[in-house]
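So you can see what is in the structure, the chains are spelled out below.
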Amino acid sequence: MERYTASIRAVASYVPKRTMTNRDLEKTLDTSHEWIYERTGIAARHIAAEDEPASALGVRAVRDLMAKHPIAPEDIDLIIVPTSTPDMVFPATACIVQAAIGARNAATFDLSAACTGYIYALNTAATFIESGFYRNVLVVATEKYSSILDWTDRTTAVLFGDGASATLLTRSSDASGILAMDSGTDGGKCEQLYIPAGGSRSPVTKETVEKKLSTVHMKGTEVFKNAVPRFRQTIERVLAAAKCSIDDIALIIPHQANVRIINAVAKDMKVPQEKFFSNIEHYANTSSASIGIAIVDALAQGKIKKNDLVLLTAFGAGYSWGSTLVRW
Ligand code: UT7
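What this report covers is the structure whose coordinates are included nearby. (Residues numbered from 1 in each chain as written. Predicted model: local features only at pLDDT ≥ 70, side-chain atom pairs only at ≥ 80, totals over all residues. Heavy atoms only, no water.)

Here's the deal with the packing of aromatic side chains
For the record, the criterion: Within 6.5 Å between ring centres, the rings of Phe, Tyr and Trp (the latter by its six-membered ring) count as paired, and their orientation is classed by plane angle as stacked under 30 degrees, edge-to-face over 60, tilted in between. Exposed residues in this analysis have more than 50% of their type's maximum accessible area, buried residues have under 20%, and partly exposed residues fall in between, with area computed by a 1.4 Å probe over protein chains only. Two conditions define a charge located above a ring, namely a distance within 6 Å from the ring centre to NZ of Lys or CZ of Arg, and an angle within 35 degrees of the ring normal.
According to the stated counting rule, one finds six aromatic pairs in the structure shown. Relative to Tyr134, the ring of Phe133 has its centre 5.0 Å away and its plane inclined at 80°; by these criteria the two rings are edge-to-face. Residue Phe133 is classed as exposed on the basis of its relative accessible area, which comes to 52%. For Tyr134, a relative accessible area of 17% translates into the label buried. The structure contains a cluster of three or more aromatic residues connected by ring pairs, namely Phe128, Phe133 and Tyr134. Sitting over the ring of Tyr4, Arg171 keeps its end group 3.8 Å from the ring centre.

Observations regarding the sheet that holds strand β6 (residues 136-144)
Inclusion rule: DSSP calls a pair of strands paired once it identifies at least 2 bridges connecting them. Numbered from the N terminus, helices here are DSSP runs of H or I no shorter than four residues, and strands are runs of E no shorter than two. Axis definition: a line fitted to C-alpha atoms, limited for helices to the stretch in contact. Angles are taken between N-to-C directions and run from 0 to 180 degrees. Should any heavy atoms of two residues lie within 4.5 Å, those residues are considered in contact.
Here five strands make up an open sheet; going across it, the order is β1-β7-β6-β4-β5 and the pairing mixed. Among the strands making up the open sheet, the edge pair consists of β1 (5-14) and β5 (107-111). For this sheet the average axis-to-axis angle between neighbouring strands, irrespective of direction, equals 20°. Pairing of β6 with strand β7 (residues 162-172) involves nine bridges; the strand directions are antiparallel. In the sheet register, Asn136 faces β7, and the bridge partner there is Thr170. Packing of helix α4 (residues 93-101) onto the sheet brings it into contact with β4 (78-82), β5 and β6, and relative to β4 it is tilted by some 130°. Sheet contacts for helix α11 (residues 290-300): β1 and β7; angle to β1, the most-contacted strand, approximately 90°.

So, the site of the ligand
For clarity, the cut-off: What makes a residue near a molecule or strand is one non-hydrogen atom of that residue sitting within 4 Å of it. Here a polar contact means two N or O atoms within 3.5 Å. Within protein one must be a hydrogen donor candidate and the other an acceptor candidate, and residues neighboring in sequence count only if both atoms are side-chain atoms. Each accessible area is a Shrake-Rupley estimate made with a 1.4 Å probe; only the visible protein chains count as cover when residues are assessed.
Thr31, Arg39, Arg154, His255 and Asn258 are the nearest of the 22 residues found near the ligand. Between the ligand and Arg154 there is a distance of 2.9 Å, counted from a nitrogen atom to a backbone nitrogen or oxygen. Contacts to the ligand include His255, whose side-chain N or O atom sits 2.9 Å from an oxygen atom. For the ligand, whose free accessible area comes to 950 Å², the fraction covered by protein is 73%. Elements supplying a minimum of two residues to the shell around the ligand: α2 (33-40), α6 (154-157), α8 (220-241) and α9 (259-268).

By themselves, these observations are geometric and do not establish any function.
The structure is reproduced here in structure tokens:
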């Protein structure tokens, strides 16, 4: 089969209207704006309405994308929805998005890779396009973490927010596109960041609800310690795969979990902090949606120019990690 290049043609994002600041959280939790901001870089997050599931956030992002980059819905071949907060266990949230946007010729599936979901989805989309199998793939990363948090647990409730991004990948005929990818997993550490109940291992019961076992549980310090070397590893691997040096990269857009993690990676790699984009202050950690939202903000701030090499990278539950190197 002939091989092609996959390009990112358009990106859009959506966050719910309601903003929740650290000061708002002070009213219900034993926490402070100072603690949250100094330890994470987060000042606020957006919270979806009760009747606004993850699919609705994703559809908003897609509509914005289609307004900016007209594409007929029936020309979309595949929709991948990376998410940890699907509308339902099944069918896939991607099916709900497909129906809402009228992409009647698209195949659909959800992808479960937590905060690394965007990178896994991008790399999967690129592989389908490079093989010639599909021409237009839509990645709709959408998360409603407010629905899986224990709002009485200050160690997790302050960290996450809701939001979505939509990314259109198409077959490319110019020099732009995805140049290299990397991904990995360490499943042995999956209980350091997980939702203990609600799956087939421990279905929802009165007891699991009372013990709040269907909410995010995290050993934060362990996650932090694992994140830094894994970010470095995946960044170095994707650079090696493309035969590039870090100096060739115009901008690194990492998953936004904690600005201290990002700064620690920059320090560890002896790269100026300014090379790493961060907007966590406004959104907190939106899991799989964070990199797409960050791309939109970086473009709006003029930080990405045509032909720039942009490195996207993520680490999250699983543990899972991965990177994508893009010629913009
Ligand atoms: O997308 C991937 C998923 N997540 C991550 O990457 C998160 C990775 N981890 C982290 O970002 C950090 O570990 C946290 C932000 C979660 C925590 O920061 P830390 O510097 O590791 O703090 P800590 O957990 O060691 O807690 C320090 C203290 C503790 O009190 P004591 O035991 O020293 O008295 C905590 O109880 O801070 C306390 N604490 C808080 N205090 C005020 C924990 N959460 C809060 C809070 N407000 N929200």
